[in-house]
Amino acid sequence: MKKGIFDWFTFYSLARKRSFFAVATVVVGFALLAGLSYTILDTSVTVSSTISLVNNLQTDGSLQAEKDKNDISESIARNSVALIQSDNVLKQAMDLSKITKSVSDFSKGVKVSRVDESNVIEITVTYNDPTRAANAANNLAQVACEEIQRRNTSPPVTATVLDRADTPSSKGKLISAVKKGFFGGVLGLICFLAVIFFLAIKDYTIRNFRLFCKTAKVDLLGILPAGQRPTSRQISESIRNVRAAFRAQIGDGKRVLLCSVDVQEGRAVVASGLANALADSGNKVLLIDADMRTSHIRSRLRVDSVYGLADVLLGKCSIADAIVPSTDYLDVICAATTYVEKPSDLLDCPVTLEMLEILSRRYDYILIDAPSVNSYGDAAALANKCDCSILVARYGKTRVDAALDALTVLKNTSARMLGIVANDVPSQYLPKQSSAKDD
């Protein structure tokens, strides 16, 4: 893409055009991550139980005796943590909980710690079965209490289960899956935007005519909205805007070439519409269909004739014989009525210029509808015989490099470039496609 043509408008237009896929990626991302989280990623659950240790050593109440008792309680608590994590205690709890994995594997999911360095010990168990995880935590706490009391008889220690672990409900797991699902939706949206950004970088078509015209240093004469019939009111108003810009810039010129960058870009719509708009305002207008390969003017204006432009240039008929009236102020010369082998050579002959000079004395404006610039040499041949030229480009179809090449061809002729008419622009982008003169 040529430097300076890409902007965020292109990115926005591509994203909006594919908004359905944006929704789809968000939904798929949410469902995928939430489903994986619920069924695979979050299969392990963590539960905990606590036990309390009480040193039953009797003292005389002196400070030294109480200090010695606290030291003994501290030692018992530290030793109890190690005892609970021993293979013997873990194996007993596993047997009671019907856990079949090895002690070493089970111990990886067991964490034993003192709560705030007190005589309360928290036992945390992580396992892939919620029910067995809770049973294991409770059984481990019970076995630990029994072992601690059996091993600490002098002084006697009382160990009791303070809090028992509850079996986690599926609601908590579901909430966790939904939270991760939202994260998956965000990831899906980011992936969509990344793809759109890549497409925007690789998009070589014109989507911002305002920026393109500013970069190419050419005027934007008007914009025709997409999704409208050629006879619709919105198209008519757009053609009137083109007519106003046309009159402001044409000066003393009469012969105007209308051509497109490539095929199927709406050149005939612009040519016939502008011819009718000029005729409606009282100007005597002649529209010449110079496309001897794929003529569209005949069917668009519903005119017919025995002779055409090729017959005039070949000397088979007079100019008057080829002219067909369309309205009171608009006449038409259709293209070839027979096959022409080399249209470019025929249009480039001196007879063409002589014909145009004769017709210039009879009409206020002569509009010539020519084939696409980049496809054939017809437009360049005719441009040297015209006063001005207008280029038609289509939103989302005309390539930037092709449009610049076409402008170069036209600027190298004797015809003055009036500007570009943008065709088939989506209605939601019309406010953003204002004239390049704004800057």
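Small disclaimer: the values here were computed from a predicted structure and weren't measured.

Observations regarding the overall build of the protein chain
Moving on, step 1. The helix and strand inventory of the protein chain stands at 17 helices and 12 strands.
Moving on, step 2. In summary, the protein chain has a C-alpha radius of gyration of 43 Å against a globular reference of 22 Å for 439 residues, an excess of more than 25%.
Moving on, step 3. If you line up the protein chain on its principal axes, its C-alpha atoms span 135 × 45 × 35 Å.
Moving on, step 4. As displayed, the protein chain offers around 21800 Å² of accessible surface, 53% of which is attributable to carbon and sulfur atoms.

Examining the sheet that holds strand 1 (residues 45-55)
Moving on, step 1. In spatial order, the strands read 2-3-1-4; together these four strands make up an open sheet with antiparallel pairing. Where the open sheet ends on each side, the last strands, each with one partner, are strand 2 (110-114) and strand 4 (157-163). Direction aside, the axes of adjacent strands within the sheet are offset by 25 degrees on average.
Moving on, step 2. The sheet contact formed by strand 1 and strand 4 spans six bridges and is antiparallel.

Quick word on the side chain of Thr-205
Moving on, step 1. Its location among the elements puts Thr-205 in the loop between helix 7 (170-202) and helix 8 (209-216).
Moving on, step 2. What Thr-205 contacts, discounting residues up to four positions off in sequence, is Gly-396, Lys-397, Thr-398, Arg-399 and Val-400.

Topic: the sheet that holds strand 6 (residues 255-260)
Moving on, step 1. Read across the sheet, eight strands follow the order 5-12-11-6-10-7-9-8 without closing on themselves; strand pairing throughout is mixed. Each of the sheet's edge strands pairs with one partner strand only, and the pair in question is strand 5 (220-225) and strand 8 (323-325). Ignoring strand direction, the axes of neighbouring strands in this sheet form an average angle of 25 degrees.
Moving on, step 2. Where strand 11 (residues 388-394) meets strand 12 (residues 416-425), seven bridges bridge the pair, whose relative direction is parallel. Across the sheet, the residue bridging to Ile-390 is Gly-419, located in strand 12.

Regarding unusual backbone geometry
The general pattern is negative phi for most residues beyond glycine and trans for most peptide bonds.
Moving on, step 1. A cis amide bond, omega -5 degrees, links Ser-154 with the succeeding residue Pro-155.
Moving on, step 2. Looking at where Pro-155 falls in the secondary structure, it is placed in the loop between helix 6 (130-151) and strand 4.
Moving on, step 3. Not every positive phi belongs to a glycine, and Lys-217 is a case in point at roughly 60 degrees.
Moving on, step 4. Structurally, Lys-217 can be placed in the loop between helix 8 and strand 5.
Moving on, step 5. Overall, Lys-217 belongs to the exposed group, its relative accessible area being 73%.
Moving on, step 6. A positive phi angle, close to 65 degrees, is found at Asp-424, a residue other than glycine.
Moving on, step 7. Position of Asp-424 relative to the elements: it lies in strand 12.

Description of the layout of surface pockets
Moving on, step 1. Here the second largest pocket is characterised by a volume of approximately 280 Å³.
Moving on, step 2. Lining the second largest pocket we find 15 residues, and of these Val-263, Gln-264, Arg-267, Thr-294 and His-296 sit closest to its centre.
Moving on, step 3. For the lining of the second largest pocket, the class distribution of residues is five nonpolar, six polar and four charged.

A few points about the pairing of strand 5
Moving on, step 1. Counted residue by residue, strand 5 has six buried out of six residues, so it is predominantly covered.
Moving on, step 2. Of the strand pairs in this sheet, strand 5 and strand 12 are connected by four bridges, and their pairing is parallel. Each residue of the ladder has a partner; that of Gly-222, found in strand 12, is Val-421.

Observations regarding the pattern of salt bridges
Moving on, step 1. For the structure on display, the rule yields 17 salt bridges.
Moving on, step 2. Residue Arg-240 pairs with Glu-237 through a salt bridge whose shortest N-O separation is 2.8 Å. Here the residue Arg-240 and the residue Glu-237 both occupy positions in helix 9 (residues 233-250), the gap between them amounting to three residues, near one helical turn.
Moving on, step 3. Relative accessible area serves as the criterion here: at 39%, Glu-237 is assigned to the partly exposed category.

Looking at the side chain of Ser-73
Moving on, step 1. For Ser-73, the location among the structural elements is in helix 3 (residues 63-84).
Moving on, step 2. Here Ser-73 is in contact with Asn-55 and Asn-119, once residues within four sequence places are set aside.

Some remarks on the packing of aromatic side chains
Moving on, step 1. Here the structure, examined in full by the defined rule, presents three aromatic pairs.
Moving on, step 2. Residues Phe-20 and Phe-21 carry aromatic rings whose centres are separated by 5.6 Å and whose planes lie at 75 degrees to one another, so their mutual orientation is edge-to-face.
Moving on, step 3. Classification of Phe-20 by relative accessible area gives exposed; the value is 62%.
Moving on, step 4. A relative accessible area of 49% places Phe-21 in the partly exposed class.
Moving on, step 5. An angle of 65 degrees between the planes, with centres 5.3 Å apart, marks the rings of Phe-30 and Phe-182 as edge-to-face.

What counts as what
Residues numbered from 1 in each chain as written. Predicted model: local features only at pLDDT ≥ 70, side-chain atom pairs only at ≥ 80, totals over all residues. Heavy atoms only, no water. Helix = DSSP H or I, 4+ residues; strand = E, 2+ residues; numbered from the N terminus. Rg over C-alpha atoms; globule rule 2.2 N^0.38 Å. Areas by Shrake-Rupley, 256 points an atom, 1.4 Å probe, with all protein chains shown as cover. Pairing = 2+ DSSP bridges. Axes fitted to C-alpha atoms, helices over the stretch in contact; angles between N-to-C directions. Contact = heavy atoms within 4.5 Å. Buried < 20%, exposed > 50% of the residue type's maximum accessible area, 1.4 Å probe, protein only. 1 Å grid on protein atoms, 1.4 Å probe; cavity = no way out; pocket = protein on both sides within 12 Å on 5 of 7 lines; lining within 4 Å. Points joined across faces, edges and corners; volume = space filled by probe spheres on them. Nonpolar A, V, L, I, M, F, W, Y, C, P; charged D, E, K, R; others polar. Salt bridge = Lys/Arg side-chain N within 4 Å of Asp/Glu carboxyl O. Phe/Tyr/Trp six-rings, centres within 6.5 Å; stacked < 30°, edge-to-face > 60°.

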